[in-house]
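# Commentary on secondary and tertiary structure
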Amino acid sequence: MDQEVKYLTYLEFGAPGDVVKVEKSNISHQLQENEIFLKILASPVNPADLITITGNYAIKPLLPSVPGNECVAQVLGIGTGVKNLSIGDHVVPFRSGLGTWRSHGVFSETDWYRVPENLGTVEAATLTVNPTTAYRMLKDFVNLKAGDTVLQNGANSAVGQIVAQMCKKWGINCVGVVRSRPDIDDLRDMLKNQGAKEIFTEEEILTTDIFSSDILSAPRLALNCVGGGSAESLLPHVAHGGTFVTYGCISKQPTTILASVFIYRDIKCVGFWRTNWTRENHGNPERMTMLKEIIAMYEAGDLHIPDVEYIKIEDYQVAFQGVRGKKCILTYD
């Protein structure tokens, strides 16, 4: 095998725009028994990827490092001992830290999970982070039933959009909170069309009485990815004995939780880190059940991907700056 590879790499921690470089090299390698040779078709750029590059994430890779935890790839070659994959199969990473911001690579068969070839490129490339985060938060903390209410901030985020769609699928009322903006009515309509029961701005959620009426029951589950005042504004609405889950802090502001929240209202405040769940449940059959169910939702039209922006690897700086309202996807052709 002799293949030119384009990839992103960094030699030191720092601002992604300063330390990441695009490089080229050649793979000249005889596949070992359990190895596979992959062509990467598309690789999402997630916030956690960028934080990892700065050195401020909970996990620090050894340097030099190729960033990226998600992608969809096509199998181009297999070792003699590979039993579960064939040439032409489409696969996604089955563990984190594989370094997916590259055009090609040689990996162990056991680190990849086969997905249907008719699953869309973006649906497959983004399968293992955002949908699994939404799924686990809706399944693991509260035994939600049809008619229950979930409240979340960051409702227009990729995870937030998937939470709303899963809630709709399962008959759960999802109420979202977003920052105010000039196009708030368009955003509100888009999120409600996806499945949100109601969308409030961070100012509106402070005064709404929607949960004290007969319209919606008080949320048994609240999901926080923003932190600061946005997180604090959710707490007064959470039902007695409910659960408040924090899975991000994009505001980088601390969240103040009054003692009365714990003592008088018995609200449980917990955290969720998908990377840790994946690590602890690597071989758990529940993980395969989850992935199959999410794929089935895509195939049935119950889940839809957020808007995306395809970015060639040579233009990776655009992905680091972000494209408002879109998930950035690296491509290599």
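Figured I'd write up the structure that's included with this text. These figures come from a predicted structure and were not determined experimentally.

The rules behind these values
- Residues numbered from 1 in each chain as written.
- Predicted model: local features only at pLDDT ≥ 70, side-chain atom pairs only at ≥ 80, totals over all residues.
- Heavy atoms only, no water.
- Buried < 20%, exposed > 50% of the residue type's maximum accessible area, 1.4 Å probe, protein only.
- Helix = DSSP H or I, 4+ residues; strand = E, 2+ residues; numbered from the N terminus.
- Phe/Tyr/Trp six-rings, centres within 6.5 Å; stacked < 30°, edge-to-face > 60°.
- Lys NZ or Arg CZ within 6 Å of the ring centre and 35° of its normal.
- Contact = heavy atoms within 4.5 Å.
- Core = buried A, V, L, I, M, F, W, Y, C linked by side-chain atoms within 4.5 Å.

## Description of helix α4 (residues 130-140)
- Counting buried residues along α4, nine of its eleven residues qualify, which places the element largely inside the surrounding structure.
- All of the buried residues in α4 are Asn130, Pro131, Thr132, Thr133, Ala134, Tyr135, Arg136, Met137 and Leu138.

## Digging into the packing of aromatic side chains
- Within this structure, the stated rule accounts for eight aromatic pairs.
- Geometrically, the ring pair formed by Tyr135 and Trp170 is edge-to-face, given 5.8 Å between the ring centres and 75° between the ring planes. Note that Tyr135 is positioned in helix α4 and Trp170 in helix α5 (residues 158-170), a separation of 35 residues in sequence. The pair Tyr135 / Trp170 is uniform in exposure class, with both members buried.
- Here Phe141 and Phe272 contribute two aromatic rings whose centre-to-centre distance is 6.1 Å and whose plane-to-plane angle is 90°, an arrangement assigned as edge-to-face. Taken together, the residues Phe141 in the loop between α4 and β8 (149-153) and Phe272 in the loop between β13 (268-271) and α9 (274-280) connect sequence positions 131 residues apart.
- Looking at Phe272, the relative accessible area reads 11%, which means it is buried.
- Within the aromatic cluster, the residues linked to one another by ring pairs are Trp101, Tyr316 and Phe320.
- Over the ring of Phe13 we find Lys60, and its NZ or CZ is 5.3 Å from the ring centre.
- Over the face of the ring belonging to Trp170 we find Lys139, whose NZ or CZ atom lies 4.5 Å from the ring centre.

## Concerning the environment of Thr331
- As for its position among the elements, Thr331 is in strand β15 (residues 327-331).
- C-alpha of Thr331 to C-alpha of Phe320: the two residues are eleven residues apart in sequence and 14 Å apart in space.
- In contact with Thr331, other than residues within four places in its own chain, are Leu41, Tyr310, Ile311, Lys312 and Ile313.

## Digging into the nonpolar core
- Formed by 51 residues in total, the largest nonpolar core has its most connected members in Leu138 and Met166.
- Elements with a minimum of two residues in this core: β7 (112-115), α3 (121-125), α4, α5, β9 (173-178), α6 (184-194), β11 (221-224) and α10 (285-300).
- Among the elements that make up this core, the one with the highest residue count is α5 (seven residues).
- When residues no more than four places from it in sequence are discounted, the contact partners of Met166 are Pro131, Ala134, Tyr135, Leu138, Ile294, Met297 and Leu303.
- Listed in part, the 28 residues of the second largest apolar core include Cys71, Val82, Ile313 and Tyr316.

## What to know about unusual backbone geometry
- The omega torsion of the bond from Leu63 to Pro64 falls at 0°, within 30 degrees of zero and hence cis.
- Here Pro64 lies in the loop between α2 (47-54) and β4 (72-78).
- The backbone of Lys252 shows a phi angle near 60°, a positive value even though the residue is not glycine.
- Here Asp266, not a glycine, exhibits a phi torsion of approximately 55°, which is positive.
- Note on placement: Asp266 falls in the loop between α8 (259-263) and β13.
- The class for Asp266 is partly exposed, based on a relative accessible area of 43%.

Just distances and angles here, no functional claims.
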